[in-house]
Amino acid sequence: MSWIYLAIAGLFEIAWAVGLKYTHGFTRPAPSAFVALSMLASLGLLSMAVRDLPIGTAYAVWTGIGTLGAAVFGMLVLGEPAGALRVGCIGLIAAGITGLKLLHA
């Protein structure tokens with residue numbers, strides 16, 4: 001169950017990271033509230049996951065999911081660069097997340 005909590009926490013990590021783009025420095029109330037709630041949900045679920053998972057593994061996977069999701073969103077939706085080297089590096093993050101999951105299954 002801890003891995004499920006961690007995966008959902010990672011999705012909320014993506015949500016708040018992407019949401020920051022729309023807050024305009026926390027000057028827009030609705031996106032700012034969305035970001036704050038997403039942060040709370042993400043941290044709450046992370047705290048539940050670390051009951052059973054090592055903190056180093058959980059934190060690395062949590063931030064990796066957020067990084068991966070925000071980068072992919074940026075490329076697909078915001079038109080950020082998607083060069084081969086950038087995509088390759090993002091792939092390394094995905095490989096690291098997968099490796100940590102396999103090592104601590």
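Structure's up top.
How each quantity is defined
Residues numbered from 1 in each chain as written. Predicted model: local features only at pLDDT ≥ 70, side-chain atom pairs only at ≥ 80, totals over all residues. Heavy atoms only, no water. Helix = DSSP H or I, 4+ residues; strand = E, 2+ residues; numbered from the N terminus. Buried < 20%, exposed > 50% of the residue type's maximum accessible area, 1.4 Å probe, protein only. Lys, Arg positive; Asp, Glu negative; His and termini not counted. Salt bridge = Lys/Arg side-chain N within 4 Å of Asp/Glu carboxyl O. Polar contact = N/O pair within 3.5 Å; in protein donor to acceptor, adjacent residues only side chain to side chain. Contact = heavy atoms within 4.5 Å. Patch = residues over 30% accessible without salt bridge, like charges linked within 9 Å, V, L, I, M, F, W, Y side chains within 5 Å. Areas by Shrake-Rupley, 256 points an atom, 1.4 Å probe, with all protein chains shown as cover. Expected span 1.5 Å × (residues − 1). Arc of directions from axis to C-beta.

Novice: Please clarify how the side chain of Glu13 should be interpreted in this entry.
Specialist: Along the chain, the position of Glu13 falls in helix α1 (residues 2–23). Although Glu13 lies buried, it forms no salt bridge, and the closest oppositely charged side chain, Arg86, sits 15 Å away as judged by the N-O distance. Side chain to side chain, Glu13 and Trp16 meet in a polar contact 3.0 Å long. With residues near it in sequence (within four places) discarded, Glu13 still touches Ser42, Trp62, Thr63 and Gly66.

Novice: Mind showing me how you'd approach the side chain of Ser38 here?
Specialist: Note that Ser38 resides in helix α2 (residues 29–49). Residue classification places Ser38 among the buried positions, given a relative accessible area of 2%. Leave out the neighbours within four places in its chain, and Ser38 touches Phe12, Ala15 and Trp16.

Novice: Got a minute to help me understand a nonpolar patch on the surface in this structure?
Specialist: Together, Tyr22, Val72, Leu76, Val77 and Leu78 give the surface a local cluster of nonpolar side chains, amounting to about 450 Å² of exposed area. Structurally, Leu76 can be placed in helix α3 (residues 55–76). Judged by its relative accessible area of 70%, Leu76 falls in the exposed class.

Novice: Help me understand the pattern of salt bridges in this model?
Specialist: Pairing is possible between side chains that carry opposite charge, provided their charged atoms lie close to one another. This structure, assessed with the given rule, holds one salt bridge. Linking Glu80 and Arg86 is a salt bridge whose minimum nitrogen-to-oxygen distance equals 3.5 Å. The partly exposed category is assigned to Glu80, whose relative accessible area is 31%.

Novice: Please explain α2 as it appears in this structure.
Specialist: Each α-helix winds once per 3.6 residues, and so residues spaced three or four apart point in a common direction. End to end, α2 covers 30 Å across 21 residues, agreeing with the expected 30 Å (1.5 Å per residue, within 8%). All of the buried residues along α2 are Pro31, Ser32, Val35, Ser38, Ser42, Leu45, Leu46 and Ala49. Buried residues along α2 cover an arc of 165° about the axis, so they all sit on one side. Across α2 from its buried face, at more than 90 degrees, point the exposed residues Pro29, Ala30, Leu37 and Leu40. Those residues of α2 that are buried are in contact with α1 and α3.

Functional significance is not addressed by these values, which are geometric in nature.
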